[in-house]
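Here is how the chains run, residue by residue.
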Amino acid sequence: MSRLFNPDSPIMQFLTRVADLVILNVLWLLFSLPVITLGASTTALYRSLLTLIDGGGTSTVLLFWNAFRSEFKTATLLFLILLLPFAVVFLDLWILLFGTLSMSPLMRGLCLLPVLLFFMAANYVYPLTAQFENTLKGTLKNAVLLALANLPTSFAVLVLSLLPLLVFLLATSFFLQSLIVWILLGFALIAQCNAYLLRRVFRKYFPPEESGEISEI
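Residues numbered from 1 in each chain as written. Predicted model: local features only at pLDDT ≥ 70, side-chain atom pairs only at ≥ 80, totals over all residues. Heavy atoms only, no water.

1. A word on the overall build of the protein
Helix and strand counts for the protein come out as nine helices and zero strands. If you list the helices and strands of the protein from N to C, you get α-α-α-α-α-α-α-α-α. When the accessible surface of the protein is summed, it comes to about 12,600 Å², and 73% of that surface belongs to carbon and sulfur atoms. (Helix = DSSP H or I, 4+ residues; strand = E, 2+ residues; numbered from the N terminus. Areas by Shrake-Rupley, 256 points an atom, 1.4 Å probe, with all protein chains shown as cover.)

Below is the structure:
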């Protein structure tokens, strides 16, 4: 029994990680409520998760708060910069899916490529901000380059990021029945899966010990 409750036991480590995810999930939801802080809260979420993956940090709340406070300006500016292209891409997607324009399946597929590229690159923006110091232009540029250079990973991260929306659209009743799971754990769990995938990309191009400004690829 003493081994069961040993802090280093697999069960206790698992429960500790679940507790960390619950805390981060609730913090992310609360700090995202003003909407304009969504970029800062997402950056804080990823920095906390990447730090925990590397075995660092002591207080999950402090990890999140310190990251939110230190990256608030940069992440919020990135959020505002992405709003316009997001609106354009969303309108393009809406027209492609629900519009009355007559297009062949091939043309629709070609028109969807910029939409996919935008969302795949957008998924790199806040993790890059969380992990590296860089200019706004440099972060956006590297997000696009990394998305293109790691298409399988980029697509997997995109699918995971869209999972809550897909579940809501395709299985609304199930989503509502499991809403408490999403509120307590779901979004942070998806972000952790993304963090593991993106961490491999970051290690490949920018080893952790060489943290700092990202050089051009």
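2. Some words on the confidence of the model for the protein
Per-chain confidence: the protein averages 86 in pLDDT, with 83% of residues scoring 70 or above. Here residues 210-217 scores under 50 on pLDDT; set against residues more than four positions off or in separate chains, the count is 18 contacts. (pLDDT = per-residue confidence, 0-100. Contact = heavy atoms within 4.5 Å.)

3. Details of the side chain of S32
Inspection of the secondary structure assignment puts S32 in helix α1 (residues 10-32). Here S32 falls in the buried class, since its relative accessible area comes to 12%. In contact with S32, other than residues within four places in its own chain, are T37, L38 and S41. (Buried < 20%, exposed > 50% of the residue type's maximum accessible area, 1.4 Å probe, protein only.)

4. Quick notes on the pattern of salt bridges
Tallying each qualifying case throughout the model produces three salt bridges. Ionic pairing is found between D54 and R203, a salt bridge with its closest N-O pair at 3.2 Å. Placement of D54 in the loop between α2 (38-53) and α3 (60-70) and of R203 in helix α9 (residues 179-205) is noted, with a sequence separation of 149 residues between them. When its relative accessible area of 43% is taken as the criterion, R203 is described as partly exposed. Connected through shared salt-bridge partners, D54, R199 and R203 make up one network. (Salt bridge = Lys/Arg side-chain N within 4 Å of Asp/Glu carboxyl O.)

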